[in-house]
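Examining the three-dimensional arrangement
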Amino acid sequence: APCALAVGAAAAGLSAMSGRKTLGKLPREAIRLLELPRLDEQLVEAFRELVDLTGTLSDAFDELGIVGVVPAYALPPVHIGKRVVGQAVTVRNVHHATQVHKAAADRATGQAETEAHNLAVPGDVLVMQGVIGCSNMGGQSATLARREGFAGAVVDGTLRDPDQYRQMGWPVWCRGFTPITGKWRMQTVEVNGTVEICGVTVRAGDLVCADEAGIAFVPHERAGEVLEAARKIDGGDTRRKADIDAGVPLAEILRRKYK
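Just so you know, these numbers come straight off a predicted model, no measurement behind them.

About the cut-offs
- Residues numbered from 1 in each chain as written.
- Predicted model: local features only at pLDDT ≥ 70, side-chain atom pairs only at ≥ 80, totals over all residues.
- Heavy atoms only, no water.
- Helix = DSSP H or I, 4+ residues; strand = E, 2+ residues; numbered from the N terminus.
- Buried < 20%, exposed > 50% of the residue type's maximum accessible area, 1.4 Å probe, protein only.
- Contact = heavy atoms within 4.5 Å.
- Core = buried A, V, L, I, M, F, W, Y, C linked by side-chain atoms within 4.5 Å.
- Patch = residues over 30% accessible without salt bridge, like charges linked within 9 Å, V, L, I, M, F, W, Y side chains within 5 Å.
- Areas by Shrake-Rupley, 256 points an atom, 1.4 Å probe, with all protein chains shown as cover.
- Salt bridge = Lys/Arg side-chain N within 4 Å of Asp/Glu carboxyl O.
- Lys, Arg positive; Asp, Glu negative; His and termini not counted.
- Charge placed at Lys NZ, Arg CZ, Asp CG, Glu CD.
- Arc of directions from axis to C-beta.
- Polar contact = N/O pair within 3.5 Å; in protein donor to acceptor, adjacent residues only side chain to side chain.
- 1 Å grid on protein atoms, 1.4 Å probe; cavity = no way out; pocket = protein on both sides within 12 Å on 5 of 7 lines; lining within 4 Å.
- Points joined across faces, edges and corners; volume = space filled by probe spheres on them.
- Nonpolar A, V, L, I, M, F, W, Y, C, P; charged D, E, K, R; others polar.
- pLDDT = per-residue confidence, 0-100.
- Pairing = 2+ DSSP bridges.

1. Points about the overall build of the chain
The helix and strand inventory of the chain stands at eight helices and 10 strands. Expressed as a percentage of its 259 residues, the buried residues of the chain come to 50%.

2. Focus: the environment of Pro76
With respect to the element layout, Pro76 can be found in the loop between strand E1 (69-71) and strand E2 (84-95). Overall, the relative accessible area of 33% leaves Pro76 in the partly exposed class. Taking C-alpha positions, Pro76 is 5.4 Å from Trp173, a pair spaced 97 residues apart along the chain. Ignoring any residue separated from it by four or fewer positions in sequence, one finds Pro76 in contact with Val172, Trp173 and Cys174.

3. Digging into the side chain of His117
Positionally, His117 belongs in helix H4 (residues 114-119). Residue contacts for His117: discarding those within four places in its chain leaves Leu126, Met137, Ser141, Leu144, Ala145, Glu148 and Phe150.

4. So, the nonpolar core
Nonpolar side chains in soluble globular proteins tend to be buried together. By size, the foremost hydrophobic cluster in this structure holds 27 residues, and its most contacted members are Leu126, Met137, Phe150, Tyr165, Trp170 and Val172. Where this core is concerned, the elements lending two or more residues are E2, H4, strand E3 (125-129), helix H5 (139-147), strand E4 (152-159), helix H6 (162-168) and strand E5 (172-177). Dropping the residues within four chain positions of it, Phe150 is found in contact with Val89, Ala116, His117, Ala120, Asp124, Val125, Leu126, Ala145 and Trp170. Ranked by size, the runner-up nonpolar core spans 22 residues in total, among them Phe61, Leu207, Val218 and Ala230.

5. Topic: a negative patch on the surface
Together, Asp52, Asp59, Asp62 and Glu63 make up a negatively charged patch on the protein surface. Within the secondary structure layout, Asp62 lies in helix H2 (residues 53-64).

6. A look at unusual backbone geometry
Backbone geometry follows two general trends: most residues other than glycine have a negative phi, and most peptide bonds adopt the trans configuration. In this structure, Arg107 is a non-glycine residue whose phi angle is positive, near 55°. Examined against the element boundaries, Arg107 turns out to sit in the loop between helix H3 (100-105) and H4. For Arg107, a relative accessible area of 59% corresponds to the exposed category. One non-glycine residue, Asn192, adopts positive backbone phi at about 60°. Tracing the sequence through the fold places Asn192 in the loop between strand E6 (186-191) and strand E7 (194-197).

7. What about helix H1 (residues 41-48)?
Buried within H1 are the following residues: Leu43, Val44, Ala46 and Phe47. Each buried residue of H1 lies within a common arc of 155° when the element is viewed along its axis, so the set occupies one face. Two or three places before Gln42, at the opening of H1, Asp40 has a side-chain oxygen 2.8 Å from that residue's backbone nitrogen.

8. A look at the layout of surface pockets
Taken as a whole, the largest pocket spans an internal volume of roughly 250 Å³. Lining the largest pocket are 15 residues, with Gln111, Met137, Gly138, Ser141 and Lys183 positioned closest to its centre. Looking at the lining of the largest pocket, the element that brings in the most residues is H5, giving four residues. Residue composition of the lining of the largest pocket, by class: two nonpolar, nine polar and four charged. Along its surface, the second largest pocket is lined by Arg38, Leu39, Glu41, Val44, Arg48, Gly86, Gln87, Val121, Pro122, Gly123 and Asp124. Sorting elements by how many residues they give to the lining of the second largest pocket places H1 first, with three residues. For the lining of the second largest pocket, the class distribution of residues is four nonpolar, three polar and four charged.

9. Quick word on the confidence of the model for the chain
Chain-level statistics for the chain give a pLDDT mean of 89 and a share of 88% at 70 or above. Segment residues 1-18 is flagged for pLDDT under 50; beyond a separation of four residues in sequence, or across chains, it makes 40 contacts in the model.

10. Brief notes about the pairing of strand E8 (residues 200-203)
Only one face of E8 is buried: it carries Val200 and Val202, and the other face, with Thr201 and Arg203, is open. Direction of pairing for E7 relative to E8: antiparallel, over a ladder of four bridges. Within E8, the position partnered with Thr194 by the bridge is Arg203. Where E7 folds back on E8, the antiparallel hairpin that results is connected by two residues, among which Cys198 adopts a positive phi of roughly 50°.

11. Digging into the side chain of Arg38
Checked against the element boundaries, Arg38 lands in the segment before H1. A distance of 2.7 Å separates the side chain of Arg38 from the side chain of Asp124, its partner in a polar contact.

12. A look at the environment of His96
Along the chain, the position of His96 falls in the loop between E2 and H3. Classification of His96 as buried rests on a relative accessible area of 16%. For His96, the contacting residues outside a window of four places in its chain are Ala103, Ala108, Thr109, Gly110, Lys183, Trp184, Arg185, Met186 and Gln187. A distance of 2.9 Å separates a polar side-chain atom of His96 from the backbone oxygen of Ala108.

Encoded structure:
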């Protein structure tokens, strides 16, 4: 069973990114990992097969003592009905150290999320700790992110170019949109380190599971046990729903043990 699989190439730290070079937009030490610890693809696929993705994972987290869910009222999806499951490539942004108008006059942009785009493997999810009130990633950058392999993005911050995002149909969860550029107002300080998304700690390589209800961040080292618990919950819920739809009497439904 996938939940019994080791986190595979994760232990060896191997990935398809081997041999890639940075773009030089950040100091090398600011890019904590060039290669993510990889989860076995069968295990990741088993998460994708969960019927009620984030609801089930939220229940599993409660059982296992994990804090890792961000509800959609905090980070709403740009597109309704989308879901995504993939490993996190992380970006951390902070307010720009230089005054806005001086940075603009000097053309001193601080944005460097393209370093993360450069490291993406198809199926990864961009997870960004951002700045509120300015754009952490515009439409062109998002188009590049999708082109380079990101299956979607979770941004604890604001974005720009809502029309372009909607036309792309690319799954994105964010605080909202703004016309204000982030070029002179924020700077990227770290890629593939640890970020905080609405109070939840996320590390590069953690599994991101997101749908219309919210986002669940599965700690990399606990993915197997989380999947095992989630499968039991998901299976029980599916059986109970089938009994309800089949007209099983209420008293009988209450007597049956589904989970």
